[in-house]
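Each chain is listed here by its residues.
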Amino acid sequence: MLDLLIKNAHLASTGKKADIAINGGEIVEIANVIEAGAGEIIDADGYLVTPPFIDPHFHMDATLSLGLPRLNESGTLLEGIQLWGELKPHLTLEALKERAHALVKWSIARGTLAIRSHVDTSDENLLAVEALLEVRKEIAPFVDLQLVAFPQDGYFRSPGGVENLKRALDLGVDVVGGIPHFERSMVDGARSVEALCEIAAERGLMVDMHCDESDDPLSRHIETLAQETTRLGLEGMVAGSHLTSMHSMDNYYVSKLLPLIAEAEITAIPNPLINITLQGRHDTYPKRRGMTRVKEMMAMGINVSLGHDCVMDPWYSLGSHDMLEVAHMAVHVGQMTGVAEMRSMFDAVTVNSARVMRLENYGLDVGCNADLVILQARNKIEAIRLRPARLFVIRRGKIISKTAPVVAKLALDGENYQVDFLR
Ligand code: FE2
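Presented here is an overview of the structure given in this document. The shown structure was predicted, so the numbers you read here are calculated from the model rather than taken from an experiment.

Considering the environment of Tyr316
As for its placement among the helices and strands, Tyr316 is situated in the loop between helix 10 (294-299) and helix 11 (323-333). Separated by 251 residues in the primary sequence, Tyr316 and Ser65 have C-alpha atoms spaced 10 Å apart. Once you skip the residues sitting within four places of it in the chain, Tyr316 turns out to touch Leu273, Ile274, Thr277, His308, Cys310 and Val311.

Here it is as structure tokens:
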């Protein structure tokens, strides 16, 4: 007797139809037809079944704080950082946790079951670190939360930046962060990359830096990050988040840079919703898009994974933590409307992100965790087009969220029609 049997699934992994048998929180069989008794049977009716969405770049300490203490009038990155600075003295443990838990419920309803969140370590009291460490434990049955020690005000630039980041790691924060383009000088930025990678190498931790989130084509900290990754043997452990300056770089320089990133096995994490809204703000027209060179990096074999970055916070007023919205924006901003390109953007919010977070037993294979999402769409491209209802969200074989199929009922001249936008 199985715990759960999913019939007539359209597998995101192979594009084929199959039944999926689940027992003890694991996928135990995938076959054309499985005839077996089960505690629960779901007829997926040809809808797409995928491993869960993953957000590899988020800020859970700032999320849902929109309007506190005021709105971002200019909508710029710098006013957002200033606003966050105004809010920080008023943060409480309870408020931080309440917002994080509210957000996680949205994530689950959207089928996002793994999140890597940066947490600001600039403050002496490490309040956000304390809050999110508690949240990580509390949500562990439902969502994998990985925390990155993020010196938002600068590792060298802010007083106590060096010590506070180390203390955050001592408390159990998982990943070493950084923000080299925000240090006082290019030299300090490069020094911060070296120092932070050394800390990661000493402690056996992964690295994920906000790197070159700038329109300045000479912001080249990604080069130092690749160099340090190779020097310290951190291949496969390092991510460069944003990398927006690469959009503006000279093509000849990029032709040297991309092989270095590939050699260091660095994952690139663009955040298309945020990059398209925050970059190019000093431009008149033509106005730069800002998102890094996704297509070109993928062609070099570099792992590219997309992040949401913000939901209703000082930097971004919108969002509901829907990773399909992120993939949808990436397709547009990166002009990735080729068939394989659109599919690759679905992978960028699922399997590619599992690689960067080093999630174990993630996927649609026998032996993988029974963490699955059934979408009201028939394939990956339709999922990106419609950003449809997540009909079932399953964690370790248990249904933890359900949404009824969305169908509009039309009455036109005495005739009734149903519209679900599927073709
Ligand atoms: Fe970020």
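Looking at the nonpolar core
Considering soluble globular proteins, one finds that nonpolar side chains tend to be buried as a cluster. Of all hydrophobic cores here, the largest spans 103 residues; its most connected members are Met60, Val173, Ile222, Leu225, Met246, Met345 and Phe346. Counting residues per element, this core draws most heavily on helix 3 (residues 127-139), which supplies 8 residues. Counting residues domain by domain, this core receives three or more from each of domain 1 (2-51 + 363-408) and domain 2 (59-357). Every residue in contact with Val173, bar those within four places of it in the chain, is listed here: Val119, Val129, Leu133, Leu147, Val148, Ala149 and Ala168.

Comments concerning the layout of surface pockets
Here the largest pocket defines a volume of roughly 670 Å³. Lining the largest pocket we find 33 residues, and of these Leu77, Leu78, His181, Glu213 and Ser214 sit closest to its centre. Elements that contribute at least two residues to the lining of the largest pocket include exactly helix 1 (77-87) and helix 9 (272-278). With 3 residues, helix 1 is the single largest residue contributor to the lining of the largest pocket. For the lining of the largest pocket, the per-class residue count stands at 12 nonpolar, 12 polar and 9 charged. In this structure, the second largest pocket occupies an estimated 230 Å³ of space.

Some thoughts on the sheet that holds strand 9 (residues 175-176)
On the basis of which strands lie adjacent, the open sheet formed by 7 strands has the order 6-7-8-9-10-11-12 and parallel pairing. The sheet is open, and its two borders are formed by strand 6 (53-58) and strand 12 (267-269), each paired with just one other strand. Here strand 9 pairs with strand 10 (residues 206-211) via 2 bridges, running parallel. Looking at strand 10, one finds that Val175 is bridged to Met206. In the packing of helix 11 onto the sheet, contacts are made with strand 6 and strand 7 (112-120), and the angle to strand 6 comes to roughly 75 degrees.

Quick notes on the rules
Residues numbered from 1 in each chain as written. Predicted model: local features only at pLDDT ≥ 70, side-chain atom pairs only at ≥ 80, totals over all residues. Heavy atoms only, no water. Helix = DSSP H or I, 4+ residues; strand = E, 2+ residues; numbered from the N terminus. Contact = heavy atoms within 4.5 Å. Core = buried A, V, L, I, M, F, W, Y, C linked by side-chain atoms within 4.5 Å. Buried < 20%, exposed > 50% of the residue type's maximum accessible area, 1.4 Å probe, protein only. Domains from an automatic or database assignment. 1 Å grid on protein atoms, 1.4 Å probe; cavity = no way out; pocket = protein on both sides within 12 Å on 5 of 7 lines; lining within 4 Å. Points joined across faces, edges and corners; volume = space filled by probe spheres on them. Nonpolar A, V, L, I, M, F, W, Y, C, P; charged D, E, K, R; others polar. Pairing = 2+ DSSP bridges. Axes fitted to C-alpha atoms, helices over the stretch in contact; angles between N-to-C directions.

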